[in-house]
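# Secondary and tertiary structure notes
Next come the chains, spelled out residue by residue.
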Amino acid sequence: MGDLELTKPETILEQRVRRSPPLTRNVCASAIDHLRRAWLIRETDPEMAVFRCITAEEEAVAAIFLSLRRHGYADAKRLQWHSHRQKAVVLPFLQSTAETFRLGGGALPASVVYEEVDGAFQFRVRFLTTADDGTPLALHPQPPLHATADVEGQVPDILPKMLELVGGAGLDRLKQVLADRTNKRNTLLYASEKGLPRYVGSVDTEIARHRANVFALLTFFVLIDEHPTVQGLVQQALAAFMSVLDALHPPKQAPVSSPAT
């Protein structure tokens, strides 16, 4: 069946994550290894192939959580890199964030590019705009995510877009969708009243979808991890993410002690 062939950007990403400290380096390597193993067994064991793809995504998210904690981002200590429940929120959150800015008006088209600078490859964020005379301009923040963002002058609230993406049926529906996402791995492993676990659909298409997610997440990881500065856009996104987590799972309030008499 052949090994999974990585593209040039994916190969460079695999090399770049090796610069990270041991734990995050191994977690990133595990994400890519799961994709490779999924590809090898996709025809003989499609259920386990998809299971490995889900695990690959979770490993990539875990690497981001660990990097945010290591670099001292505010509130990052609340991120639990072993928590399936927290990690299941990340991709829907990122999708909703992209949709929020795409529809917000006035946003600059942005992309992540890898370019050779002074003989070395760098991953950079590129914002496209134009000068007053119409000349195209490309802006490259340094560090790459050291900026702030708003929608029509307001700090973006991502939760409404997440609710919209699940049909606008309210917070309970979003909780159920995320719970189903978290539980998907179990449906691939265990029997139920419906019968034995079976994956129905194109496994190659499913692997391709997870592969794109994994390398997008690893790109974010590199953009965060290779820069010790607390980057503004990352901190802003983390604050929005924690706000979503608190809405989904309100933190327990400490009991109020009675005044001494």
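Going by the structure above, here's the rest.
Below, the structure is looked at part by part.

The rules behind these values
- Residues numbered from 1 in each chain as written.
- Predicted model: local features only at pLDDT ≥ 70, side-chain atom pairs only at ≥ 80, totals over all residues.
- Heavy atoms only, no water.
- Helix = DSSP H or I, 4+ residues; strand = E, 2+ residues; numbered from the N terminus.
- Contact = heavy atoms within 4.5 Å.
- Expected span 1.5 Å × (residues − 1).
- Buried < 20%, exposed > 50% of the residue type's maximum accessible area, 1.4 Å probe, protein only.
- Salt bridge = Lys/Arg side-chain N within 4 Å of Asp/Glu carboxyl O.
- Core = buried A, V, L, I, M, F, W, Y, C linked by side-chain atoms within 4.5 Å.
- Phe/Tyr/Trp six-rings, centres within 6.5 Å; stacked < 30°, edge-to-face > 60°.
- Lys NZ or Arg CZ within 6 Å of the ring centre and 35° of its normal.

### What to know about the overall build of the protein
For the protein, the count of helices and strands is 8 helices and 3 strands. Partitioning the contacts of the protein with sequence separation of at least 6, the portion at a separation of at least 24 is 69%.

### A short note on helix H3 (residues 46-70)
Under the 1.5 Å per step criterion, the end-to-end length of H3 is 36 Å for 25 residues, consistent within 8% with the ideal 36 Å. Summarising burial for H3: 21 of the 25 residues are buried, a large majority. One or two steps after H3, the chain reaches Gly72, where phi turns positive at roughly 75°.

### Comments concerning the pattern of salt bridges
For the structure on display, the rule yields 14 salt bridges. Linking Arg185 and Glu58 is a salt bridge whose minimum nitrogen-to-oxygen distance equals 3.2 Å. Pair noted here: Arg185 is in helix H6 (residues 171-187) and Glu58 is in helix H3, with a separation of 127 residues, a long-range link. For the pair shown, Arg185 and Glu58 are each scored as buried. Bridged by salt links that share partners, the residues Glu58, Lys87 and Arg185 form one connected network.

### Here we look at the environment of Trp81
Mapped onto the elements, Trp81 comes out in the loop between H3 and helix H4 (84-103). Counting along the chain gives 15 residues from Trp81 to Leu66, while the straight-line C-alpha distance between them is 6.7 Å. Discounting residues that sit within four places of it in the chain, Trp81 has contacts with Leu23, Val27, Ala62, Phe65, Leu66 and Lys87.

### Quick word on the nonpolar core
Leu68, Leu79, Val89, Leu174 and Phe241 are the most contacted members of the largest nonpolar core, which has 64 residues in total. At 14 residues, H3 tops the list of elements feeding residues into this core. With sequence-adjacent residues up to four places away left out, Leu68 is seen in contact with Tyr73, Ala76, Leu79, Ile224, Val234 and Leu238.

### Quick notes on the side chain of Arg185
Its relative accessible area of 12% is what places Arg185 among the buried residues. With residues near it in sequence (within four places) discarded, Arg185 still touches Phe51, Ile54, Thr55, Glu58 and His84.

### Description of the packing of aromatic side chains
The final tally for this structure, using the stated rule, is 2 aromatic pairs. The interplanar angle of 55° and the centroid separation of 6.1 Å between the aromatic rings of Phe65 and Phe241 together place this pair among those described as tilted. With Phe65 in helix H3 and Phe241 in helix H8 (residues 232-248), the pair connects residues that are 176 residues apart, well separated along the chain. With respect to class, Phe65 is no different from Phe241; both count as buried. Aromatic pair Phe93 and Phe241: ring centres 5.3 Å apart, planes at 80°, arrangement edge-to-face. One end of the pair, Phe93, is in helix H4; the other, Phe241, is in helix H8, with 148 residues separating them in the sequence. An identical accessibility class is assigned to Phe93 and Phe241; each is buried. Grouped by ring-pair contacts, the aromatic residues Phe65, Phe93 and Phe241 constitute a single cluster. Taking NZ or CZ as reference, Arg42 lies 3.6 Å from the ring centre of Trp39, over its face.

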